[in-house]
Amino acid sequence: MGDFLTKEEWTQHLEAGMESLKAETGKRKPAPVMGEGDFHTNEMPLCNRVITKDMIRLYASAIGDFNPLWVDEEYAKQTKWNGIIAPPMCEVMIAEAAAVPPPLNLPGLSYMNGGSTRKYHNPIRPGDEFKAYDTFKAVVDKTNPAKPYRLFITTGEREIFNQREELVLTVTSNIMIVARYPEPGKTGKTLDFSQEKRRSFTDEELALFHESYENEINGTYRFGKRKRDWNEVNIGDELVPVYKGPYDYADAVSFFAVTGFSMAFAKKWYTMRGNLSAFYKNSQTNEYTCAPEWHFDDEIARKRGVPFAPIFGTHIEASMLEGVTNWMGDEARVAEVSSQIRQMIFMGDVFICKGKVADKYEENGKKLVKLDIWAEKYGTDIVSARGYAVVEL
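Residues numbered from 1 in each chain as written. Predicted model: local features only at pLDDT ≥ 70, side-chain atom pairs only at ≥ 80, totals over all residues. Heavy atoms only, no water.

Draft legend 1. Spotlight on the nonpolar core. By size, the foremost hydrophobic cluster in this structure holds 65 residues, and its most contacted members are Tyr-59, Val-324 and Leu-371. By residue number, the principal contributor to this core is helix H8 (residues 313–328), which donates seven residues. Among residues more than four places away in sequence, those in contact with Tyr-59 are Pro-87, Pro-88, Met-89, Cys-90, Val-92, Met-93, Phe-255, Val-258 and Ala-318. Core analysis: the second largest hydrophobic core is formed by 17 residues, Phe-136, Val-139, Ile-175 and Tyr-181 among them. (Core = buried A, V, L, I, M, F, W, Y, C linked by side-chain atoms within 4.5 Å. Buried < 20%, exposed > 50% of the residue type's maximum accessible area, 1.4 Å probe, protein only. Helix = DSSP H or I, 4+ residues; strand = E, 2+ residues; numbered from the N terminus. Contact = heavy atoms within 4.5 Å.)

Draft legend 2. Geometry of the pattern of salt bridges. Going through the model one piece at a time under the given rule, you end up with 23 salt bridges. In this structure, Glu-15 engages Arg-150 in a salt bridge whose closest nitrogen and oxygen atoms are separated by 3.0 Å. Highlighted residues: Glu-15 in helix H1 (residues 7–22) and Arg-150 in strand S4 (residues 150–161), separated in sequence by 135 residues. The exposure class of Glu-15 is partly exposed, given its relative accessible area of 33%. Judged by relative accessible area, which is 18%, Arg-150 ranks as buried. Across the pair Glu-91 and Arg-118 runs a salt bridge whose closest N-O atoms are separated by 2.8 Å. Residue Glu-91 is found in the loop between helix H3 (73–77) and strand S2 (109–120), and its partner Arg-118 is found in strand S2; the two are separated by 27 residues along the sequence. The same class applies to Glu-91 and to Arg-118, which are both buried. Residues participating in the shared-partner salt-bridge network are Glu-15, Asp-141 and Arg-150. (Salt bridge = Lys/Arg side-chain N within 4 Å of Asp/Glu carboxyl O.)

Draft legend 3. Local environment of the environment of Arg-125. Mapped onto the elements, Arg-125 comes out in the loop between S2 and strand S3 (131–141). Accessibility expressed as a relative area gives 27% for Arg-125, which makes it partly exposed. Put simply, Arg-125 and Thr-52 are 73 residues apart on the chain and 7.8 Å apart in space, counted from C-alpha to C-alpha.

Draft legend 4. Layout of the pairing of strand S12 (residues 383–392). Pairing analysis gives eight bridges linking strand S9 (residues 333–341) to S12, with the strands arranged antiparallel. Note on S12: the bridge partner recorded for Glu-336 is Val-390. Note that strand S11 (residues 366–377) and S12 share nine bridges and pair antiparallel. Residue Leu-368 lies in a different strand from S12, and its bridge partner there is Glu-392. (Pairing = 2+ DSSP bridges.)

Draft legend 5. A look at the packing of aromatic side chains. Taken as a whole and assessed by the stated rule, the structure comprises 12 aromatic pairs. The interplanar angle of 65 degrees and the centroid separation of 5.8 Å between the aromatic rings of Trp-10 and Tyr-181 together place this pair among those described as edge-to-face. In this pair, Trp-10 sits in helix H1 while Tyr-181 sits in the loop between strand S5 (167–179) and helix H4 (203–218), placing the two residues 171 residues apart along the sequence. In this pair, the class of Trp-10 matches that of Tyr-181, namely buried. Taking 6.1 Å as the distance between ring centres and 75 degrees as the angle between the ring planes, the aromatic pair formed by Phe-308 and Phe-346 counts as edge-to-face. One end of the pair, Phe-308, is in the loop between helix H7 (298–303) and H8; the other, Phe-346, is in the loop between S9 and strand S10 (351–363), with 38 residues separating them in the sequence. Judged by relative accessible area, which is 13%, Phe-308 ranks as buried. Grouping aromatic residues by their ring pairs yields a cluster made of Phe-255, Phe-256, Phe-261, Phe-296 and Phe-312. Across from the ring centre of Phe-223, 4.1 Å away, lies the NZ or CZ of Arg-226, which sits over that ring. Taking NZ or CZ as reference, Arg-304 lies 3.7 Å from the ring centre of Trp-294, over its face. (Phe/Tyr/Trp six-rings, centres within 6.5 Å; stacked < 30°, edge-to-face > 60°. Lys NZ or Arg CZ within 6 Å of the ring centre and 35° of its normal.)

Draft legend 6. Region of interest: the sheet that holds S10. What the 10 strands build is an open sheet, ordered S1-S3-S4-S5-S2-S9-S12-S11-S10-S6; its pairing is antiparallel. Across the chains shown, the open sheet's two edge strands, defined by having one partner strand only, are strand S1 (28–30) and strand S6 (242–244). Pairs of neighbouring strands in the sheet enclose a mean axial angle of 25 degrees, with direction left out of account. Bridging between S4 and S5 involves 12 bridges; their strand directions are antiparallel. Looking at S5, one finds that Ile-153 is bridged to Met-176. (Axes fitted to C-alpha atoms, helices over the stretch in contact; angles between N-to-C directions.)

Encoded structure:
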């Protein structure tokens, strides 16, 4: 569908498209599988259906987590788990998020990660094999009349089962659809990034970041095999901050690679050809670029209205859990985690993962602690992501 539509026609197509999405609400179907059949990237196909010990090791490396519970069999056998388990959010290796319907074939629409809620029912262990079912839950119009664009939130739910037919986890994902009529001569920017600059860090600042890395390597603040006493946990207790960055291409590629979302050449074209208006062209080659490329290419990012390639939102979500698992120890488990991406941060930035105890309570005989968690952009008051984690001690 071309850019020649009048604004009235464009609005009519947008409204009709949203109504078509609403018609999908409540439908449950098997999740698509990478490399099998025709799908769009929004449908988040299953990239890996078997998780191995090596894959868990690579995931831990991609988030910079040195906890031996994820990688050391002898160590893990001395815990309640009696063997290696996967860290929370390792399921992004199965699929990064829950599915939502493919984008509308309409120019002027941008799709962004709005965050997720993940409920963990059973641990993921090396050798587990998975299948999943998707249910589209809702599309909600969140448009602010004072803004020069329309905003919609779509929500999808994915249930992931292992080979024993056990429900391993339920993932609920939100995708933000920013829709702005593509008027000729206008950039399509929806947010103000005029103050956004790429910066250099001093040797003193780098030493601070490296100290955080050394603490992770040495396990300085990791509770490990000790059992944290629920009775001794106090509301307001703070987690030790974890620094991440300056974020570079090695960080981005490492994370993207472990998600297994690989498609090249004919496979890449196969996923794009049916809806080319959803993709941007490279100005040098004139070829369409696949959706993840804006996380690596400043030019494609600018075409989507932001100044630099943004950090993977899911990488930030996963990183916020490192401080949680360090704090809770290896005898506890993450029962639920929820987060929202509030504001983009970009390649070259540093973010700090923080948290504190918000509540403690008992439920069905379980001793639970709710932690507020968030990620701040270093040197600013910008909170990039915010959420909570529920830990069973």
